Amino acid sequence: MQLLDRFEQRLDQLVNGAFARAFKAEVQPVELAAALQRELDDHVVTVGATRNVVPNLFTIDLSSRDFERLMAFEAPLCTELANVVSEYAMEQQCQLIGSAAVRFSEDPALNTGLFRVRTEARADKPEDEETSRRGPHLIVDGYIHPLTRHTTRIGRGTDVDIRIDDAGVSRHHAEIVLSMPIVLRDCGSTNGTWIDKERITEVALDHDTTITIGPAVIEFHVR
């Protein structure tokens, strides 16, 4: 089943078909989902040799009529639209800067049925919404990095997923693998990967853990 089909099915289950009844001539939710996919395609930035990064925050400007109607379903619709962003980014092998979020904004200058999408790329901070902390994640220098890829690479190189720009960090220093259990693995670094003052080669991460890589102190959390 295609991503947009799954999106419509989930929304229909959440609101018992209310969207089909409420939106006949106005903006359709599936139009918004498709527009978000296009925005991701249009705003891919290649970092290093292989890392593709895309925005994670989206504001959808709506006409007054569409805004009023869609706001009645704001919570489930924005949640599912954010899920579309996350799923599509994963399908395209792109990395979000931070947690995906979608919000609506009213623009009276827009005609009914028309909308505009604005994008922003911003990493999460610890004081952001609690949704940023769902699932396994790292906190590096005050920013939250959700662990969504099978393998997250950490190091000084430009082709890693989490970059620490310090001479004490190897280009490909360590990696975290989303397996059962989650594994932290040193990649043959010069100065080592440390947990509780103990240098590790490979270790299972099943609880909150503090990892030291060069000068960087990284917090690992599971929620």
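Our subject is the structure listed above.
Scope of this entry: the structure provided in the associated data block. Since the model is a prediction, treat every value here as computed from it, not as a measurement.

Notes on the packing of helix H3 (residues 29–42) against helix H5 (residues 74–91)
Where H3 meets H5, the closest approach of the two axes is 10 Å, and the angle between their N-to-C directions is 35 degrees. Of the two possible hands of crossing, H3 and H5 adopt the one that is right-handed. Contacts from Pro29, Leu32, Ala33, Leu36, Gln37, Leu40 and Asp41 in H3 reach Leu77, Leu81, Val84, Val85, Tyr88 and Ala89 in H5. Its residues placed into classes, the contact of H3 with H5 shows 11 nonpolar, 1 polar and 1 charged.

Observations regarding the nonpolar core
With 27 residues, the main nonpolar core has Leu32, Leu36, Phe58, Ile60, Leu81, Val102 and Phe104 as its most contacted residues. For this core, the secondary-structure elements that each account for two or more residues are helix H1 (3–15), H3, strand E3 (57–62), helix H4 (64–71), H5 and strand E5 (101–106). A per-element tally of this core places H5 first, with 8 residues. Grouped together as the second largest cluster of nonpolar side chains are 19 residues, Leu147, Ile154, Ile164 and Ala174 included.

A word on the sheet that holds strand E14 (residues 198–200)
Pairing within the open sheet is antiparallel, and its 6 strands lie in the order E8-E7-E17-E16-E13-E14. The two strands at the open ends of the sheet, each matched to only one other strand, are strand E8 (143–146) and E14. With direction set aside, neighbouring strand axes in the sheet form an average angle of 30 degrees. In this structure, strand E7 (residues 137–140) lies alongside strand E17 (residues 216–221), joined through 4 bridges in antiparallel fashion. For His137, the partnering residue across the bridge sits in E17 and is His221.

Things to note about the environment of Ser64
With respect to the helices, strands and loops of the structure, Ser64 is situated in helix H4. On the basis of relative accessible area, Ser64 is assigned to the partly exposed category, the value being 29%. Along the chain, Ser64 and Thr112 lie 48 residues apart, while their C-alpha atoms are 7.4 Å from each other. Among all residues touching Ser64, those that are not within four sequence positions of it are Glu106, Asp107 and Pro108. Within the local environment of Ser64, its side chain forms a polar contact with the side chain of Glu106, the two groups lying 2.7 Å apart.

Re the sheet that holds E5
Across the sheet, 3 strands lie side by side as E5-E3-E6; this open sheet has mixed pairing. Looking along the sheet, the strands with just one partner apiece sit at the ends: E5 and strand E6 (115–120). Averaged over neighbouring strand pairs, the angle between their axes works out to 20 degrees when direction is ignored. Set on the sheet, H3 makes contact with E3, E5 and E6; between it and E6 the angle comes to about 40 degrees. Contacting E3 and E5, H4 crosses the sheet at an angle of about 135 degrees to E5.

Focus on the pattern of salt bridges
What the rule picks out here adds up to 7 salt bridges. One salt bridge in this structure joins Asp61 and Arg118, with 2.8 Å as the shortest N-O distance. Taken together, the positions of Asp61 in strand E3 and Arg118 in strand E6 put the pair 57 residues apart, joining distant regions of the chain. According to the relative accessible area criterion, Asp61 is buried, its value standing at 4%. Across the pair Glu175 and Arg185 runs a salt bridge whose closest N-O atoms are separated by 2.7 Å. Of this pair, Glu175 sits in strand E11 (residues 174–177) while Arg185 sits in strand E12 (residues 182–186), placing them 10 residues apart in sequence. Classification of Glu175 by relative accessible area gives buried; the value is 14%. Salt bridges here are not isolated pairs; linked through shared partners, they connect Asp61, Asp107, Arg116 and Arg118.

Considerations on unusual backbone geometry
Each neighbour pair has its own omega, and for Met180 with Pro181 the value is 0 degrees, a cis peptide bond. Relative to the assigned elements, Pro181 resides in the loop between E11 and E12. A positive phi is found at Asp196, a non-glycine position, where the angle reads about 50 degrees. Of note, Asp196 is situated in the loop between strand E13 (193–195) and E14. For Asp196, a relative accessible area of 68% puts it in the exposed group.

Basis of the calculations
Residues numbered from 1 in each chain as written. Predicted model: local features only at pLDDT ≥ 70, side-chain atom pairs only at ≥ 80, totals over all residues. Heavy atoms only, no water. Axes fitted to C-alpha atoms, helices over the stretch in contact; angles between N-to-C directions. Helix = DSSP H or I, 4+ residues; strand = E, 2+ residues; numbered from the N terminus. Left-handed = near helix turned anticlockwise from the far one by under 90°. Contact = heavy atoms within 4.5 Å. Nonpolar A, V, L, I, M, F, W, Y, C, P; charged D, E, K, R; others polar. Core = buried A, V, L, I, M, F, W, Y, C linked by side-chain atoms within 4.5 Å. Buried < 20%, exposed > 50% of the residue type's maximum accessible area, 1.4 Å probe, protein only. Pairing = 2+ DSSP bridges. Polar contact = N/O pair within 3.5 Å; in protein donor to acceptor, adjacent residues only side chain to side chain. Salt bridge = Lys/Arg side-chain N within 4 Å of Asp/Glu carboxyl O.

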